[in-house]
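Summary of the model geometry
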Amino acid sequence: MPDSNDAPVTLAGVARIAGVGRAAVSNWRRRHVSFPMPVGGTDTSPQFSLAEIERWLYAHGKIERIGLRERLWPHYEALGDRAVMGAALAEAGRRLLAATGADQAAPEHFLLPDEAARVMNETVDVARYEGERETFTFLLTRWLEAHVRQVATTPAPLARLMADVALAVRAEEDQGADGGITVLDPACGVGGLLLAAGEGMAERSADADPGTTALIGTELDSVLAALAEVRLGFAAAEGGGGVVRIKAGDSLRADPNDSVRADVVLCNPPFNARDWGHEELATDPRWVYGLPPRTEPELAWIEHALARLAPGGVAVLLLPPAVASRRAGRRIRGALLRTGTLQGVVALPAGAAQPHSVSLQLWILRMPVSEGSATSGECLFLLDAATSHGATRGAQGIDWPQLTSRVLDAVRAYDWSGERKAAGKQLSEGSVTVPVVDLLNEQTDLTPARHVPETAVEAQAKLHESWGRLGGLLDEVRDHSQSLAAIDLSAGSEALSTITVSDLHRAHALKLQQGQTLPGELLHGDALPDGAVPALSVPDLVLGGQPGGWLARAEVVRGASTGSFTVAEPGDVVVAGVERAYRVWVQEDTHLVLGPQLYALRPDPEVLDPWFLAGCLRASANARQAGSHTSSSARIDVRKLQVLQLTLVEQRPYARAFRQLLALEESLRSVASVGEALVRSLGDGLAAGKLRSLRP
């Protein structure tokens, strides 16, 4: 049974124990004076005594019983450190797995602090009543949820899809006589992909000897490696056997599994890990298709996976979409195509995995069956599943059964043997084969959406959506126009006094900060991942107005504290101090790292309304008067910009008008963009002879 010592529990923990939402717990705190007082934490994240919470919930009929596993988890949370929590769980898992009689490797064990050792022992005690695997799985799930930003995992439906794709592509005649195969994940994390592969093989080979299957993984983080070993060990024990071998190590720099030749390689490599060993691995024999550029770590993982494949083996990797089109990787993509090693690219809907904001891709690769032979390099299989119905609204909107069925149906319909490939043929909805020769150009762009023809149904659905969006935007324009049309500008002929930004800064009415040069070694240019902070430069404004890069949140926090980064916060007014890209806006929702010639003005809310300030600063005459022309550029001296001198009460109506004016401007800009795309799409369809009917 668990130790009786108390442990702190958060509001989220109370909600889990009671089986309600966090809002309900907050409501209990407000309504019941008897609700326990916090014993730690902060005002925004208080912690409570688990024993007091348990007594209160019982007394008020909120629960009937707290499960032993639920009572155990706060003791893990009390350990604080992620690695210590994980190590305690891994050690407990090893002891629980040993209790089932399963064979285990003998890895180095963790030296745990006394408190962590006590929690580990409590876990073993609880498992006697709650079940060994059930207890470990419950705690592992909680641990992953608590550290979701630090420990990236492949969602279970996606992991199973990747495993099923690999098993479907792999030719039946290449399997061993006993039906067993070896699966390798060189960046296995807590073993999600290997677990999915084991489940997939068990379903496909019910009559095969499970002892011949091997699940092998490598993980840089020793705690994750230990957790993966236990997790897979439980699965193998329940499945009747099989080999599980997980080693801690750096797959790219010093692979502990370098002698493995796997039938299947599954991998979700670290996202945008620039420090992957480019310089020290320059002469590595794995780079058969060329030395991966420093900025292309994903290509290094691709070549590593190929180096670990047995003849006829299949690799499926989850990659960001930029890998298919970045100029730096064009040469290696071309080599993969010419040799026929790269056989397919599948675009997934945004939200399938981290980073959730982009449409990730599955790359399907295959080694020749025998020495000297080659896989067919005639054409490439492309599937654009990013627009699957019900799969276009992020992670919560993905219909995984439908998406899985669509991908697997297309994969199974394709002849992967290479004997009957038909180049340039559309196989099914959203999939096509493209001749390799057509892809070997200056871009070698393998993005499926660029090559898969849009179906008539998809085109009509997109057209219908565009008309709906245009109608909504026109309604917005009409609403803004009606409000702004009521403004009377004839009142008062005397000019109001103004004050400069410099004077406001000196009077502490606002804080003026200038953007700084962004370090190239820390700046990333790919899609913004969860938790990162976007970075904006003047060239970004010139090219389209969107941030062109991002920085890791930890780097931004560190840089802001030392003064090496300028970060605009929500509510700040951002000004671009160059005439060619002069813009002023109120930063909303997110933080933003500013580059040179960009300024953050943080108004004192007791003195200045940010929308009033932005409206005054963006006046064209104001910018002209503050201009500072040189022989090579025209800059705006932000300190010289003028602001009307009004009280905060007098600023309010101006602020509302400025805000509506900016909203109208944004709506008009969107109308132009959507309208242009709609006219182009409709015109192209008509020119292609796709007219079905035209209502009078």
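Structure: see above.
Residues numbered from 1 in each chain as written. Predicted model: local features only at pLDDT ≥ 70, side-chain atom pairs only at ≥ 80, totals over all residues. Heavy atoms only, no water.

Regarding its fold elements, the protein chain presents 21 helices and 25 strands. Evaluated residue by residue, the protein chain yields a buried proportion of 48% over its 696 residues. Of the roughly 33,500 Å² of accessible surface on the protein chain, a fraction of 51% belongs to carbon and sulfur atoms. (Helix = DSSP H or I, 4+ residues; strand = E, 2+ residues; numbered from the N terminus. Buried < 20%, exposed > 50% of the residue type's maximum accessible area, 1.4 Å probe, protein only. Areas by Shrake-Rupley, 256 points an atom, 1.4 Å probe, with all protein chains shown as cover.)

Our focus in this paragraph is the layout of surface pockets. Of the volumes computed, that of the second largest pocket is approximately 1,100 Å³. Taken together, 30 residues form the lining of the second largest pocket, with Q546, R583, W585, E666 and R669 sitting closest to its centre. Within the residue set of the lining of the second largest pocket, elements represented by two or more residues are strand 16 (533-536), strand 20 (584-586) and helix 21 (648-687). With 10 residues, the top contributor of residues to the lining of the second largest pocket is helix 21. Here the lining of the second largest pocket is composed, by residue class, of 13 nonpolar, 8 polar and 9 charged. (1 Å grid on protein atoms, 1.4 Å probe; cavity = no way out; pocket = protein on both sides within 12 Å on 5 of 7 lines; lining within 4 Å. Points joined across faces, edges and corners; volume = space filled by probe spheres on them. Nonpolar A, V, L, I, M, F, W, Y, C, P; charged D, E, K, R; others polar.)

The next thing to look at is the pattern of salt bridges. This model, assessed by the stated rule, comprises 29 salt bridges. Between R253 and D275 there is a salt bridge whose closest N-O contact spans 3.1 Å. Here the residue R253 occupies a position in the loop between strand 6 (243-248) and strand 7 (262-267), and D275 occupies one in the loop between strand 7 and helix 11 (297-307), the gap between them amounting to 22 residues. Note on R253: relative accessible area 31%, which makes it partly exposed. For D284, the salt bridge is made with R286, and the minimal N-O distance between the two is 2.8 Å. Judged by relative accessible area, which is 9%, R286 ranks as buried. (Salt bridge = Lys/Arg side-chain N within 4 Å of Asp/Glu carboxyl O.)

The subject of this paragraph is the environment of A335. Topologically, A335 is positioned in helix 12 (residues 330-338). For the pair A335 and G290, spaced 45 residues apart in the sequence, the C-alpha separation amounts to 8.0 Å.

With that out of the way, let us pick up the packing of helix 8 (residues 156-169) against helix 9 (residues 192-204). If you want to describe how two helices pack, look at the angle between their axes and the distance between the axes. Contact geometry of helix 8 with helix 9 gives a least axis separation of 8 Å together with a crossing angle of 50°. In terms of orientation, helix 8 lies oblique with respect to helix 9. In this structure, helix 8 crosses over helix 9, and the sense of that crossing is right-handed. Where helix 8 approaches helix 9, its residues A159, R160, M162, A163, D164, L167 and A168 are matched on the opposing element by G192, L193, A196, A197, E199, G200, M201, E203 and R204. A breakdown of the residues in the contact of helix 8 with helix 9 according to their chemical character gives 9 nonpolar, 2 polar and 5 charged. (Axes fitted to C-alpha atoms, helices over the stretch in contact; angles between N-to-C directions. Parallel < 35°, antiparallel > 145°, perpendicular 65-115°, else oblique. Left-handed = near helix turned anticlockwise from the far one by under 90°. Contact = heavy atoms within 4.5 Å.)

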